[in-house]
Each structure stands twice: as C-alpha cells, then as structure tokens.
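Each chain is listed here by its residues.
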Amino acid sequence: MKTERNILIAFILNISFSIFEFIGGIFTGSVAILSDAVHDLGDALSIGISYGLEKKSKRKPDDIYTYGYVRYSVIGGVITTIILIVGSIIVGYNAILRLFDPVTINYNGMIVMAIIGVIVNSVAAIVTHEGSSINQRAVNLHMLEDVLGWVVVLIGAVVMRFTDFSVIDPILSLMVSAFILFNAFRNLRAVLDIFLEKSPHDTSSRDVKAKLLEVEGVEDVHHIHVWTMDGQNHYATMHVVTNETNEVIKHKVREALASIGIGHSTIEIERIDETCLCCDCEAIELDPHMHSHAHGHSHAHVH
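Calculation rules
Counting restarts for each chain, with residues numbered from 1 along the sequence as it is written. Given that this is a predicted model, residues contribute local features only at a pLDDT of at least 70 and side-chain atom pairs are listed and counted only at 80 or more, while totals for whole chains, interfaces and linings are drawn from all residues. Excluded from the side-chain calculation are hydrogens and water; included are all heavy atoms of the structure. Any Lys or Arg side-chain nitrogen found within 4 Å of a carboxyl oxygen on Asp or Glu counts as a salt bridge. For every residue, the accessible area (1.4 Å probe, protein chains only) is compared with the maximum for its type, and the residue is labelled buried under 20%, exposed over 50%, or partly exposed between those bounds. The patches described consist of residues with a relative accessible area above 30% and no salt bridge, like charges being joined within 9 Å and nonpolar side chains (Val, Leu, Ile, Met, Phe, Trp, Tyr) within 5 Å. Only the protein chains shown count as cover for residues, and all accessible areas are computed by the Shrake-Rupley method using a 1.4 Å probe. We count a stretch as a helix when DSSP gives it H or I for four or more residues in a row; a strand needs E for two or more, and each element gets its number in order from the N terminus. Strands are labelled as partners when DSSP assigns at least two bridges between them. A crossover counts as right-handed when, viewed with the strands pointing away from the observer, the path leading from the first strand over the helix to the second turns clockwise. Aromatic pairs are defined between Phe, Tyr and Trp rings, using the six-membered ring for Trp, whenever the two ring centres lie within 6.5 Å; interplanar angles under 30 degrees are classed as stacked, those over 60 as edge-to-face, and all others as tilted. Helix span, as expected, comes to 1.5 Å for every residue beyond the first. Nonpolar cores were defined as sets of buried Ala, Val, Leu, Ile, Met, Phe, Trp, Tyr and Cys residues, with membership established by side-chain atoms within 4.5 Å. Two residues qualify as a contact provided that any one of their heavy atoms is within 4.5 Å of a heavy atom in the partner residue. Under this scheme, a helix contributes an axis fitted over its contacting stretch, all axes are lines through C-alpha atoms, and angles between N-to-C directions fall in the 0 to 180 degree range. With respect to orientation, any angle under 35 degrees is reported as roughly parallel, any angle over 145 as roughly antiparallel, any angle of 65 to 115 as roughly perpendicular, and every other angle as oblique. Crossing chirality is assigned from the near helix's rotation relative to the far helix, an anticlockwise turn below a right angle marking it left-handed and a clockwise turn marking it right-handed.

Engineer: In this structure, what is going on with the pattern of salt bridges? I would like to understand it.
Structural biologist: Pairing of side chains with opposite charge becomes possible as their charged atoms draw close. Applying the stated criterion across every chain yields a total of 3 salt bridges. Put simply, Asp 193 and Lys 198 hold a salt bridge, and the shortest N to O gap is 3.5 Å. The class of Lys 198 is partly exposed, set by a relative accessible area of 40%. Glu 244 is paired through a salt bridge with Lys 252; the nearest N and O atoms lie 3.2 Å apart. Residue classification places Glu 244 among the partly exposed residues on the basis of a relative accessible area of 22%. Exposure remark for Lys 252: the relative accessible area of 25% places this residue in the partly exposed category.

Engineer: What is the right way to look at a nonpolar patch on the surface in this model?
Structural biologist: A cluster of nonpolar residues, Leu 45, Ile 75, Ile 79, Ile 83 and Phe 195, forms a patch on the protein surface that exposes about 390 Å² of accessible area. Broken down by element, the residue count for the nonpolar patch peaks at 3 residues, all from helix 3 (residues 72-100). Structurally, Ile 83 can be placed in helix 3.

Engineer: Sorry, what's going on with the pairing of strand 2 (residues 234-242) here?
Structural biologist: Regular strands place side chains that alternate from one sheet face to the opposite one. In terms of residue burial, strand 2 counts as a mostly covered element, since 9 of its 9 residues are buried. Residues of strand 2 alternate between two faces, with His 234, Ala 236, Met 238, Val 240 and Thr 242 on one and Tyr 235, Thr 237, His 239 and Val 241 on the opposite face, all of them buried. The pairing of strand 1 (residues 218-228) with strand 2 spans 8 bridges and is antiparallel. When the sheet's bridge partners are listed, His 222 is paired in strand 2 with His 239. In this structure, the hairpin formed by strand 1 and strand 2 is closed by a connection of 5 residues, where Gly 231 is found at a positive phi of approximately 90 degrees. Bridging between strand 2 and strand 3 (residues 262-270) involves 8 bridges; their strand directions are parallel. Residue pairing in the sheet places Tyr 235 in a bridge with His 264 of strand 3. Handedness of the strand 2-helix 8 (residues 246-258)-strand 3 crossover: right-handed.

Engineer: Looking at this model, I keep getting lost on the packing of aromatic side chains. Mind explaining?
Structural biologist: Given two aromatic rings, their pairing is described by the distance between the two centres and the angle made by the two planes. Counted by the stated rule, this structure contains 7 aromatic pairs. Taking the centre distance of 5.7 Å and the plane angle of 45 degrees together, the rings of Phe 17 and Phe 20 count as tilted. Of this pair, Phe 17 and Phe 20 both sit in helix 1 (residues 2-28), 3 residues apart, roughly one helical turn. When its relative accessible area of 34% is taken as the criterion, Phe 20 is described as partly exposed.

Engineer: Honestly, the environment of Val 158 in this entry has me stumped. Any pointers?
Structural biologist: When you line up the elements, Val 158 lands in helix 5 (residues 134-163). Here Val 158 falls in the partly exposed class, since its relative accessible area comes to 34%. For the pair Val 158 and Asn 108, spaced 50 residues apart in sequence, the C-alpha separation works out to 8.5 Å.

Engineer: In this structure, what is going on with helix 3? I would like to understand it.
Structural biologist: Count 3.6 residues to each turn of an α-helix, and residues three or four apart come out pointing the same way. A rise of 1.5 Å per residue sets the reference length of helix 3, with its 29 residues, at 42 Å; its end C-alpha atoms lie 43 Å apart and thus fit the reference within 8%. Every buried residue belonging to helix 3 is among Val 74, Gly 76, Thr 80, Thr 81, Leu 84, Ile 85, Gly 87, Ser 88, Val 91, Gly 92 and Ala 95, and all of these are buried.

Engineer: Please explain the nonpolar core as it appears in this structure.
Structural biologist: Most often, soluble globular proteins keep nonpolar side chains buried together rather than apart. If you look at the biggest cluster of nonpolar residues, it comprises 17 residues, and the most contacted ones within it are Val 208, Leu 212, Val 218, Met 238, Val 240, Val 253 and Leu 257. With near-sequence residues (within four places) excluded, Val 240 lies in contact with Val 218, Asp 220, Ile 249, Val 253, Glu 268, Ile 269 and Glu 270. Grouped together as the second largest cluster of nonpolar side chains are 14 residues, Phe 17, Trp 150, Val 153 and Met 160 included.

Engineer: Got a minute to help me understand the packing of helix 7 (residues 205-212) against helix 8 in this structure?
Structural biologist: Geometry of a packed helix pair, given as the angle between the helix axes and the separation of the axes. Here helix 7 crosses helix 8 at 130 degrees, and the two axes come no closer than 10 Å. Here helix 7 is positioned oblique relative to helix 8, judged by the angle of their axes. Classified by chirality, the crossing of helix 8 by helix 7 is right-handed. Along the contact surface, helix 7 presents Val 208, Lys 211 and Leu 212, while helix 8 presents Val 253, Ala 256 and Leu 257.

See the structure below:
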C-alpha cells in the first residue's frame, strides 16, 4: 500500500540520518546535534514500529484477541516514548555539564550538518504529507518537528560562527531536550489514559447520551461505557430504553454513534416499563464520566 511505502521511506531516511547525526555530532563536538540525533533515532524507531504494527494491527479479531490487534500500536508508542524520555534525560545531563565546561565547536561542520538535516527531513515531510492513515499523519508531524529542530540548530551554528558564543550549543540542546521530554510525557499520559480505559478525549459518556437522546424513538440511555482501543477506534456499550423494534432502533443508534466517532457499539434494548437490573446504573447516571466495563452483563451486539 502507498501508506506503508511512504512510512517505510520515512523510516529509511530517518534511521540513516540519525546515524549520520551521531557521527557528525561527535565530529563537530556539538551536543545539540547529538541531542537531535537521539530525537531522530526515537522518531525512526517510532516510524519503524508504526510500519511493522500497521500490518499487525490490521489482523482480524480471533478467539484470543477478541477486540483485534489494534493496541499493538499503543504498545509501540510506549516503547518509543520511554526511549525518548531516557535519551533526552541523558542528553540534557551532558548539556548541563557542557555549560560549566565548554568545548570547542566545529561551527562550519555544524552548519553543514544542519543544512543537510533541513533538506533530508524536508524530503521525509513531503513524502509523508499525502495520505490519510493515522500512522502516516503522525509520522508527518514527526518530520515537520525535525525540520523545525534543524532550523534551530542552523541558527545556533551561524550565531556561534560569527560571535564565538559557544555556550549557545548546550543551551539549544537543553531546549530541544525539554521540548522532547514535554511531548514524550504528554504522549505517555495519553497512552496511560488508553490502558486505564478512560473516555476518549473527544467523546465522553455525556456526549453519547446527549446524541442518542436526539434520536427519535430513544426514551432514555443509561449504563453507558465509552473507551478507546488506540486513541482512534472508539467503543461503547449502553442500555437504550425504547418501545420501537430492535432492528429499527439499532440502525438509528448505530448511525448516531458513528457520527460522533464510535465505530463499534454493543447495546441492550430495554422497554419503557422494564426495570434495569444492573446495580450500578444509578451511579453511571449520576456520574457519566465513570465507564469501567461491566463484564458480567449480557449485551446484544450491534452489527
């Protein structure tokens, strides 16, 4: 597929350039370049994992993975995030040491490296620009981020070349490390939210109830649980109170949920005069943000 091919091209460019950066960073003595090499290596690993898991995650559900394999991509995100955090801390520590013990920087070599960095990452950004897959959009954001990072390195190298202000290199390195750490921890928090089965950031149980109450024939909705498998594929279970036939109301509910990004739904139909036997229905109603799974209840699948 075109998407997988583009991700593969971006991976090859990124991993090759990160190795080139490590060599160039050592040669020029620039800790800023070394910090970006760590960043690019993390991106390359992320892209490589995304490429491998792009195929893995498309496998259909089976008796073991009843929800499918989509969360393999989330595990890849955890691995990449940890690599970025550890690498950024190491680079930041070395940058602080450089602040107190500056070394001679090869300014001309650093400028050459930065120019090549801008070019290579710009090509990767252009290659991954087209396409609508989640992975490809994420890879493209990585590439754009790298382009901006190298622009910063280039500016720093030019400043050092004409002012001999060598302390700017570790300062830039600390800035890059801080930026990477900020985003890495933010990604880690998002991953933890997924594994803790919190409501997706763009869809809550309150949103589901409000949307379904607009559907003709739906008298009430309760016992709502909303979660996401990977930040993109959202799931929901609920009890729908109606006097319409099951087939009619299921079709309406399915369309309404799809309009707010929920592609997989499991519902239980209840009649208006029926008493719900679920002991936590009242709690869910009072606090629509509570949505831990009720595994012990039977539901009718919507297909």
